[in-house]
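Descriptive structure summary
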Amino acid sequence: MDQEQPTVKQMLDRELADLRFDTQAHVIGRTHPTTWRGRLRAFWNKELELPMVPLGTAFVFFLTASFLYYADRQPKADPAIGNEAFQQRELIEAGGSVYWKDEIERRLSHHENPNQG
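Residues numbered from 1 in each chain as written. Predicted model: local features only at pLDDT ≥ 70, side-chain atom pairs only at ≥ 80, totals over all residues. Heavy atoms only, no water.

Let us look at the overall build of the chain. Each helix and strand in the chain was counted, giving six helices and two strands. Among the 117 residues that make up the chain, the fraction classed as buried is 1%. As presented, the chain carries roughly 12000 Å² of accessible surface, and 59% of it is formed by carbon and sulfur atoms. (Helix = DSSP H or I, 4+ residues; strand = E, 2+ residues; numbered from the N terminus. Buried < 20%, exposed > 50% of the residue type's maximum accessible area, 1.4 Å probe, protein only. Areas by Shrake-Rupley, 256 points an atom, 1.4 Å probe, with all protein chains shown as cover.)

Spelled out as structure tokens, the structure:
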């Protein structure tokens, strides 16, 4: 057992050889700075811990609020007018593709009469 203690102590000394312990005054000077330079250095040396759940919740809330705000600003169409216009639209097939009839007529009129419109 006597031989185990020096080997454990030697292993501990080897592992702790890179550590350096300061005096109490030096540690207090770094943790409670008195000068502006020391306070600035302590401020920049802080570790910042950000809680993810509250930040994520705030981010989702912000996205939802901005979406609702911009969605509310969009002009609203009267549902009755929209349904009538949708029911009156007619699909036609041309060249193997399906188009709305009013869209085709509008585009053809611009193509046939480029100066009028």
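As a further point, take the pattern of salt bridges. In the structure shown here, the tally under the stated rule is five salt bridges. A salt bridge links Arg-20 to Asp-22; the shortest N-O distance between them is 3.8 Å. Note that Arg-106 and Glu-103 form a salt bridge whose closest N and O atoms lie 2.6 Å from each other. Of this pair, Arg-106 and Glu-103 both sit in helix H6 (residues 101–112), separated by three residues, roughly a single helical turn. On the basis of relative accessibility, which here comes to 28%, the residue Glu-103 falls in the partly exposed class. (Salt bridge = Lys/Arg side-chain N within 4 Å of Asp/Glu carboxyl O.)

Moving on: a nonpolar patch on the surface. Where nonpolar side chains cluster on the molecular surface, the patch consists of Leu-12, Leu-16, Leu-19 and Phe-21 and spans about 440 Å² of accessible area. With respect to the element layout, Leu-19 can be found in the loop between helix H1 (4–15) and helix H2 (24–31). (Patch = residues over 30% accessible without salt bridge, like charges linked within 9 Å, V, L, I, M, F, W, Y side chains within 5 Å.)

What follows covers helix H4 (residues 52–73). Its 22 residues give H4 an end-to-end C-alpha distance of 31 Å, which sits within 8% of 32 Å, the value for a rise of 1.5 Å per residue. In terms of residue burial, H4 counts as a barely covered element, since only zero of its 22 residues are buried. (Expected span 1.5 Å × (residues − 1).)

Moving on, we come to the pairing of strand S1 (residues 91–94). As judged from the four bridges shared by S1 and strand S2 (residues 97–100), these two strands associate in the antiparallel manner. Along S2, the bridge assignment pairs Leu-91 with Trp-100. Between the antiparallel neighbours S1 and S2 lie two residues, among them Gly-95 with a positive phi of about 65°. (Pairing = 2+ DSSP bridges.)

Under the defined criterion, the tally for this structure stands at two aromatic pairs. Judged by centre distance (5.8 Å) and plane angle (70°), the rings of Phe-43 and Trp-44 are edge-to-face. Residue Phe-43 is classed as exposed on the basis of its relative accessible area, which comes to 57%. For Trp-44, a relative accessible area of 68% corresponds to the exposed category. When the centroid spacing of 5.2 Å and the interplanar angle of 75° are considered together, the rings of Tyr-69 and Tyr-70 count as edge-to-face. Lying across the ring of Trp-36, Arg-39 places its NZ or CZ 5.4 Å from the centre. One residue, Arg-89, lies across the ring of Trp-100, its end atom 4.4 Å from the ring centre. (Phe/Tyr/Trp six-rings, centres within 6.5 Å; stacked < 30°, edge-to-face > 60°. Lys NZ or Arg CZ within 6 Å of the ring centre and 35° of its normal.)

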